[in-house]
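Results of the structural survey
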Amino acid sequence: MARHVNDHDLKPLLDAAQQWIARCLIEDGSLFIDGRKVWTAANADRLQHCFVDRPDTGDDEFFVKLKRQLEDAGLEAQWLAAEMMWALQLFASNLGQDGKRRAIVNMWSWSGSTLDPGHPLLRNEVLAGVGSGGQGFLQYRWRELAYLISLVRSLKAMPVDARRAVLTDYDRFMDWMDSVPRDGDRQFRHMLRYFVFPDRVERMTSNRDRVAVLEGFQMATGAELRRWSDRQLDEALLKLRRDEEARYPGKVLDFYEGDLKSRWRKADQDGAAAPSPAAGTHKVSEFLPQESKASPSIAGPMNKILYGPPGTGKTHWLRDKFSEYTDAPNQVD
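In this numbering scheme, every chain counts its residues from 1 along its sequence in written order. pLDDT decides what is reported in this predicted model: residues at 70 or higher carry local features, side-chain atom pairs at 80 or more are listed and counted, and totals for whole chains, interfaces and linings draw on all residues regardless. Think of the side-chain values as coming from all heavy atoms in the structure, minus any hydrogens and water.

1. Section: the overall build of the protein chain
Looking only at helices and strands, the protein chain has 15 helices and zero strands in total. When accessible area is computed with a 1.4 Å probe and restricted to protein chains, residues below 20% of their type maximum are described as buried, those above 50% as exposed, and intermediate ones as partly exposed. Burial analysis of the protein chain (333 residues in total) assigns 46% to the buried set. Note on definitions: a residue-residue contact is assigned when non-hydrogen atoms from the two residues lie within 4.5 Å. Across the protein chain, every contact between residues at least 6 apart in sequence was considered, and the portion connecting residues at least 24 apart equals 69%. In short, Shrake-Rupley with a 1.4 Å probe defines the accessible areas, and a residue's cover is counted only from the protein chains shown. Put simply, the protein chain shows about 16,800 Å² of open surface, and 50% of that area lies on carbon and sulfur atoms. Secondary structure follows DSSP: runs of H or I at least 4 residues long count as helices, runs of E at least 2 residues long count as strands, and numbering of each begins at the N terminus.

What follows is the structure, encoded as structure tokens:
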């Protein structure tokens, strides 16, 4: 299952994530204060007004600007922002436990109150992380926070029973997540999906790795995979995992470790070959988009060299190709 890795125990982190989902996303409670309602529609709306609707375009670093934006947000909205930062940072292993803890405790202090750094949800084993968020997650943390605020506002517009249904049923969850606007290809959409369904979703924060893994295991060509939805990629990876677990019963398998990692990383680095009908090749044609079910032609060379004097259209051609390899944001600011 994707909830197990070999280098550290994910159970404390995943248990904490389940507490957050039940106590804060489904109910309106708090991570750090028993009996208080912090994750409410009113507090999320307040963060929308203070943070999203009043952008700080100064040159200061993220937390300096965020503190300035939340100065008049009010006590409970400031608490909510700190708890949202806990949720945003929970997955990323490249931030470090001490850095995560300092950020959350510091944000909590903006309200004039104190958060115990020894709180059970701030233990090292909880903050150890699941996988790297990469430099992009740090660079666009403000967009990830704005996206989380949108997700929470959408959830809190539902009755509690509807929230519970969304956060316990994969298909309902995917339909709901597709309905929430986002600015670009936000990593937190993958992180949240993993926290809610760790037995079904791989610990990957981008579709680039999903495509690379599936292409490396010859599930489909990269061109086909890049047209697949999150749901199709999840289903294909789940089938691939089950096939590999059947081959290695009782072994902890992870696509970022050992033989599985070397098999797709080598293909990713060398340029994966087109799928062939050879024995042992995984087949998941049922996950292909309707227009892609025809047998693919043999792939040609993947690299192109553009040459010619200025004004012959090299840059124009390259710009036309960008849309095939990038996700367009839903909104442009």
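2. Quick look at the nonpolar core
Core analysis: the biggest nonpolar cluster contains 74 residues, and Trp20, Leu66, Trp86, Phe173, Trp176, Leu192 and Phe195 have the highest contact counts within it. Looking at this core, the elements with two or more residues in it are α1 (11-26), α2 (41-52), α3 (62-69), α4 (75-89), α5 (97-109), α7 (141-156), α9 (170-179) and α10 (188-196). Setting aside chain neighbours within four positions, we find Phe173 in contact with Val166, Leu167, Leu192, Arg193, Val196 and Phe197. Leu225, Trp228, Tyr256 and Trp264 belong to the second largest nonpolar core, which has 19 residues in total. The criterion is simple. A nonpolar core is a set of buried Ala, Val, Leu, Ile, Met, Phe, Trp, Tyr and Cys residues joined through side-chain atoms within 4.5 Å.

3. Considering the packing of aromatic side chains
To pair, rings of Phe, Tyr and Trp, with the six-membered ring standing in for Trp, must have centres within 6.5 Å; the planes then decide the type, stacked if under 30 degrees apart, edge-to-face if over 60, and tilted in the middle. Applying the stated criterion across every chain, the model contains 13 aromatic pairs. Following the ring pairs from residue to residue traces out a cluster consisting of Tyr170, Phe173, Trp176 and Phe197. In our convention, an over-ring charge means Lys NZ or Arg CZ found within 6 Å of a ring centre and within 35 degrees of that ring's normal. Over the face of the ring belonging to Tyr170 we find Arg200, whose NZ or CZ atom lies 3.9 Å from the ring centre. The residue whose ring lies beneath Lys251 is Tyr248, and the NZ or CZ to ring-centre distance is 5.4 Å.

4. A look at α5
Owing to its 3.6 residues per turn, the α-helix brings residues three or four apart onto one side. With 13 residues, α5 should reach 18 Å at 1.5 Å per residue; the first-to-last C-alpha distance of 18 Å fits that figure. Next to the buried residues of α5 lie α3 and α4. One less than the number of residues in a helix, times 1.5 Å, gives the span that helix is expected to have.

5. Points about unusual backbone geometry
Despite not being glycine, Gln218 has its phi angle at roughly 60°, a positive value. Note that Gln218 resides in the loop between α11 (207-216) and α12 (222-225). Under the relative-accessibility criterion, Gln218 is labelled partly exposed at 24%.

6. Points about the confidence of the model for the protein chain
Atom-level detail of predicted coordinates should not be read off regions where pLDDT is low. Summary statistics for the protein chain give a mean pLDDT of 84 and a share of 79% for residues scoring 70 or more. Taken element by element, the protein chain is modelled with least confidence in helix α15 (residues 314-322), mean pLDDT 58, and with most confidence in helix α8 (residues 160-166), mean pLDDT 98. Across the chain, each position has a pLDDT score giving the predictor's confidence in that residue, from 0 to 100. Below pLDDT 50 for its whole length, residues 272-286 participates in 25 contacts with residues either more than four positions away or in separate chains. Confidence drops under a pLDDT of 50 for residues 288-301, and excluding neighbours within four residues, the segment shows 14 contacts in the predicted structure.

7. Some points on the side chain of Ser111
One can find Ser111 in the loop between α5 and α6 (134-139). Any pair of N or O atoms that falls within 3.5 Å is considered a polar contact. Within protein, one atom must be able to donate a hydrogen and the other to accept it, and sequence-neighbouring residues count only if both atoms are side-chain atoms. In terms of polar contacts, Ser111 uses its side chain to reach the backbone carbonyl oxygen of Trp108, at 2.7 Å. Once you skip the residues sitting within four places of it in the chain, Ser111 turns out to touch Leu75, Gln78 and Trp79.

8. Quick look at the side chain of Lys65
Along the polypeptide, Lys65 turns up in helix α3. We note that Lys65 is buried and unpaired, the nearest opposite charge coming from Asp56 at a distance of 5.1 Å. At a separation of 3.3 Å, a polar atom in the side chain of Lys65 contacts the main-chain carbonyl oxygen of Asp56. Within polar-contact distance, the side chain of Lys65 engages the backbone oxygen of Gly58 at 3.2 Å. His residues and chain termini do not enter the charge count, which takes Lys and Arg as positive and Asp and Glu as negative. Salt bridge criterion: a side-chain nitrogen from Lys or Arg within 4 Å of a carboxyl oxygen from Asp or Glu.

9. Observations regarding the environment of His4
For His4, the location among the structural elements is in the segment before α1. Classification of His4 by relative accessible area gives partly exposed; the value is 42%. For the pair His4 and Asp199, spaced 195 residues apart in sequence, the C-alpha to C-alpha distance is 9.5 Å. Those residues in contact with His4 that lie beyond four places of it in its chain are Leu10, Val252, Leu253 and Asp254.

10. Concerning the pattern of salt bridges
In this structure the tally under the stated criterion is 30 salt bridges. With a closest N to O distance of 3.4 Å, Arg164 and Glu27 form a salt bridge. Of the two residues, Arg164 sits in helix α8 while Glu27 sits in the loop between α1 and α2, which places them 137 residues apart along the sequence. The residue Arg189 makes a salt bridge to Asp185 at a minimum N-O spacing of 2.0 Å. A residue is classified by how much of its surface remains accessible, and Arg189, at 3% relative accessible area, is buried. Asp185 gets classed as partly exposed once you look at its relative accessible area, which sits at 26%. Each of the salt bridges in this network shares a partner with another, and the network as a whole consists of Asp185, Arg189, Arg193, Arg210, Asp230 and Asp234.

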